[in-house]
Each structure stands twice: as structure tokens, then as C-alpha cells.
Amino acid sequence: MAHAAARAPRSPALTQAEAAAEALRRGQLVILPTETVYGLAADAGNAEAVARLFEAKGRPRFNPLIAHVADMGAAERLTVFDSRARALAAAFWPGPLTLVAPLREGAGVCDLARAGLNTVAVRVPAHGLAGEVLRAFGGALVAPSANRSGRPSPTTVEDAREETGSAAAVVLDGGPCLVGLESTVVAALDGKLRLLRPGAVTRAEVEAAGGALLEGKADAKRSPGRLALHYAPDAPVRLNAEGPGPGEAFLAFGPAPQGPRVWSLSPGRDLREAAANLFALLRTADRTRPRAIAVAPVPDEGLGEAINDRLRRAAGWVG
Ligand code: TXA
Ligand code: MG
């Protein structure tokens, strides 16, 4: 084992991040942990790699991807931010906020990644391992959630591997995602802010840092990826349920009633905890092959807006 002993000792995380960055440079795909959900990452400038990514997810090509970068400087090389976008970035990055802004000329985000739009979605993730990979790679990585299109987002490395692991050259284990819900997507265009997707940063938090949002409701028409049936397990999802019907699994909010196939999103009715548990519990319930997954009502305030958005889409309710 002389050759192994002769190697310089390196931090295992750094070695992993460098190996991932090399695979990405070769045009391969990498499962990347973030604080929100696991992503399936590709070099944003490599159209062939991005085409493979769309294929691996079975994602419609009209649905653009988020470019992930290491810091604000790298974000401003891709986009042109106005003062409100800058205020939001300063308040929430690194963290679960995505900003859609005009594409800067010469930015290395290929057409396919943007679905041909002249805007680009950017975020700086807060996960340490994601940051290391981005710094080792040195450019922008597109990373949609690592589920196959339409399925619940993966919040553990096991779930990510089950969804798209076969397409990834490297799978990075960053532990369970602390937030568990995707980033909030806000468009900063024409001097106005619009909420395109409710997410981990609440509407009130966005407005406190960036000023009023233009519309009351999340603006699905302007965000090509907001499909009616999304985040969906195999079993049908029944919302606003008081308890499980025959053959159903049940996700409570608050103390869980007695019974088989019953879980609680948060026994203490904490929305943050419910957000972190949502996708993992939908998957756990689904694995028991229930007739349906019944879910208790979740208050529509704060993070509840994003939780209810995902639940309505999992149930196929949103047009
Ligand atoms: O938390 C997250 O955002 C995760 C992690 C992995 O970072 N990623 C994620 O990516 O949720 P994805 O691809 O599942 O969702 C991206 C959303 C879609 O709704 C897409 O339509 C929207 O962002 N989007 C991307 N670029 C856009 C653009 N130029 N204009 C409007 N919407 C855009
Ligand atoms: Mg997704």
C-alpha cells in the first residue's frame, strides 16, 4: 500500500468537490446537495450536457433552469441586476432565493438552459458542499431538482439517487436538506418585482427586503415551469383531509392520530418543520402503496404558502 501512503492527505470533502468539478467540466452530470433540495447539476455553458440533463429528468424543454453560482460577483457576470434585485441578493444570498433578471451579453448560460428566454434565473446556494463544487468548477452550474420531471423533489441523497442517480457520474452526499422546499423565484424585470414561485423565503420576507411585489398571486404564466401536475407521488393526493379514509395513508399537521400509515408533517404545527418533512413524507407514504395520500390542512401563512402550492400541484389542482 506504499502508493496510497505516499499521497498527500486531503480533506475528503475537497476531494469530492474537485472530482465533481472535473466531471462537470467533462460534460457529465452530478447530483449536488443544496440547502433546499438535491439538484442534478450540469455545466450551464455546455449545451450537450444540458440536453442530457433535460433527458435524464424527462423535462419539457420549454422549462428553463436555474444557474447556480458561488457568489454575487459571479451572478452579476450572468445578469443585469437593478437596485431591488441587488437588495434581495444582499438580504438572502447565499440562500434559498432565485432571481430572474435580464441576461448579460456573453454570459455563459446556453440557450437551451434558458429555454431561449433573454432572462436568466440565478441563485447562490447556502450548502457548504455546493459552494465548494461551485468554487472548484469556477462557473455557473444549472441544477434543477434531481427528481424526474413531475415527481416530488428529493431531500435526501437516497431519494436523489433513486430518481436520477443512473444519469449522474458523481453523487455527492450532503446529508438531508435542511429547508426541504425549493427556492422562492422572484423576477426583477422593468423595475418591478414579481413572485414566480413561492418557496423557502416567504412573501413577507421578500417584501421586507425588496419592497412590494407586483401581483398578489404567484405569477404562473410568467414562469414556464409551473405545471399543473408536479411534485406528485404515484398515489393520488387528497387535500384538506380530517383523517385517512379506507386504504389511505395520512399526513397530519399537528399530533398524528393513531393508526397505520400515519405520519405528521409537524407534531408541534411548525411550518418550517413541515416544509422540511413534506417531500420525504410524501415519498414515505407513497412507498406503502396506499389508495391515496390524505393530507391535513396546512395554514396558508408564511411558509404555508409554498407548502400549499406544492400540495395543490401534487394533487393536480393548479391550472
Ligand atoms: O431550490 C431550488 O431552486 C432547486 C435547487 C436544486 O437549487 N432548484 C429548482 O430548480 O427548484 P427547478 O428547475 O426544479 O425549478 C426552476 C424554476 C422553474 O419553475 C422554472 O420555470 C423557473 O425556475 N425559471 C427558471 N428560469 C426562468 C426564467 N428565465 N424565467 C422565469 N422562470 C424561470
Ligand atoms: Mg423541480
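### Looking at the nonpolar core
Link 1 in the chain: Among the nonpolar cores identified, the biggest contains 47 residues, and Trp93, Leu97, Leu99 and Val186 are the most heavily contacted of them.
Link 2 in the chain: Beyond its immediate stretch of four places on either side in the chain, Trp93 contacts Met72, Ala75, Phe81, Leu88, Leu99, Val122, Arg123 and Val124.
Link 3 in the chain: Residues Ala249, Leu265, Ile293 and Leu311 belong to the second largest nonpolar core, which totals 31 residues.

### Let's talk about the site of ligand 1
Link 1 in the chain: The full set close to ligand 1 counts 25 residues, and Thr36, Arg59, Asn63, His68 and Ser183 are the nearest of them.
Link 2 in the chain: At 2.9 Å from an oxygen atom of ligand 1 is found a side-chain nitrogen or oxygen belonging to Arg59.
Link 3 in the chain: Measuring from an oxygen atom of ligand 1, one finds a side-chain N or O atom of Asn63 at 2.8 Å.
Link 4 in the chain: In the complex, the protein chains occlude 97% of the 690 Å² of accessible area that ligand 1 would expose alone.
Link 5 in the chain: At the level of elements, β3 (66–68), β5 (119–123) and β9 (192–197) are the ones that each hand at least two residues to the shell around ligand 1.

### Topic: unusual backbone geometry
Link 1 in the chain: For the peptide bond that leads from Trp93 to Pro94, omega is -5°, which places it in the cis range.
Link 2 in the chain: By the secondary structure assignment, Pro94 is in the loop between α5 (83–92) and β4 (97–102).
Link 3 in the chain: Positive phi, normally seen in glycine, also occurs at Arg261, with a value near 55°.
Link 4 in the chain: Relative to the helices and strands, Arg261 resides in the loop between β11 (249–252) and β12 (262–264).
Link 5 in the chain: Even without glycine at this site, Arg269 takes up a positive phi of about 55°.
Link 6 in the chain: Of note, Arg269 is situated in the loop between β12 and α9 (271–287).
Link 7 in the chain: You can call Arg269 exposed: its relative accessible area is 54%.

### A look at the sheet that holds β11
Link 1 in the chain: Taken together, 4 strands build an open sheet; the order of strands is β10-β13-β11-β12 and the sheet is parallel. The two strands at the open ends of the sheet, each matched to only one other strand, are β10 (237–238) and β12.
Link 2 in the chain: As judged from the 2 bridges shared by β10 and strand β13 (residues 293–295), these two strands associate in the parallel manner. Considered in β13, the bridge of Val237 is made with Ile293.

### Things to note about the domain arrangement of the chain
Link 1 in the chain: Each assigned domain of the chain is listed with its residue range as follows: domain 1 (12–222) and domain 2 (237–315).
Link 2 in the chain: Distance from the C-alpha centre of domain 1 to the C-alpha centre of domain 2: 26 Å.
Link 3 in the chain: Here domain 1 packs against domain 2, burying approximately 1,500 Å² in sum over the two surfaces, 49% of which is carbon and sulfur.
Link 4 in the chain: Applying the counting rule to domain 1 against domain 2 returns 6 salt bridges.
Link 5 in the chain: Where Arg287 meets Glu162, a salt bridge forms, and the shortest distance between an N and an O atom there is 3.2 Å.

### Notes on the packing of α9 against helix α10 (residues 304–314)
Link 1 in the chain: Closest axis-to-axis distance for the α9/α10 pair is 9 Å, and the angle between their directions is 25°. Between α9 and α10, the angle falls in the class roughly parallel. Along this stretch, α9 crosses α10, giving a crossing that reads as left-handed. Of the residues in α10, those in contact with Leu271, Ala274, Ala275, Leu278 and Phe279 of α9 are Gly304, Ile307, Arg310 and Leu311.

### Things to note about the packing of α5 against helix α8 (residues 203–210)
Link 1 in the chain: The geometry of α5 relative to α8 is characterised by a closest axis approach of 8 Å and an angle of 120° between their N-to-C directions. With respect to their mutual orientation, α5 and α8 come out oblique. The way α5 lies across α8 gives a crossing that is right-handed. The segment α5 lies against α8, with Arg84, Ala87, Leu88, Ala91 and Phe92 engaging Glu205, Val206, Ala209 and Gly210.
Link 2 in the chain: Split into classes, the residues belonging to the contact of α5 with α8 amount to 6 nonpolar, 1 polar and 2 charged.

Reading the values: rules and limits
Residues take numbers from 1 onward in each chain, read along the sequence in its written order. Think of it this way: whatever chain is written first is A, whatever ligand is written first is 1, and the rest follow in order. It should be noted that, the model being predicted, local features are given only for residues of pLDDT at least 70 and side-chain atom pairs only at 80 or more, the latter also being counted only at that level, while totals for whole chains, interfaces and linings use all residues. To get the side-chain values, all heavy atoms of the structure are used, and hydrogens and water are removed first. Side-chain atoms within 4.5 Å link the members of a nonpolar core, which is a set of buried Ala, Val, Leu, Ile, Met, Phe, Trp, Tyr and Cys residues. Relative accessibility decides the category of a residue: with a 1.4 Å probe and only protein chains considered, values under 20% of the type maximum give buried, values over 50% give exposed, and everything between is partly exposed. We call two residues in contact when some of their heavy atoms are within 4.5 Å. Note on terminology: near, applied to a residue and a molecule or strand, indicates that one of the residue's heavy atoms is within 4 Å of it. Any pair of nitrogen or oxygen atoms within 3.5 Å is treated as a polar contact; in protein, a donor-acceptor pairing is required on top of that, and neighbouring residues in sequence qualify only through side-chain atoms on both sides. Per-residue accessibility takes into account occlusion by the displayed protein chains alone, with areas from the Shrake-Rupley method and a 1.4 Å probe. Put simply, DSSP marks the helices as runs of H or I at least four residues long and the strands as runs of E at least two long, and each gets a number from the N terminus on. Whether two strands pair depends on DSSP finding at least two bridges between them. Delimitation of the domains relies on an automatic or database domain assignment. What counts as buried area is the accessible surface, traced by a 1.4 Å probe, that two parts surrender upon association, with contributions from both included. For this document, the term salt bridge refers to a Lys or Arg side-chain nitrogen within 4 Å of an Asp or Glu carboxyl oxygen. Angles run from 0 to 180 degrees between N-to-C directions of axes, and those axes are lines fitted to C-alpha atoms, restricted for helices to the stretch in contact. Working rule for angles: under 35 degrees goes down as roughly parallel, over 145 as roughly antiparallel, 65 to 115 as roughly perpendicular, anything else as oblique. For a crossing to be left-handed, the near helix must be turned anticlockwise from the far one by less than a right angle; the clockwise case is right-handed. Ten residue types, Ala, Val, Leu, Ile, Met, Phe, Trp, Tyr, Cys and Pro, are classed as nonpolar, four, Asp, Glu, Lys and Arg, as charged, and the remainder, Gly among them, as polar.

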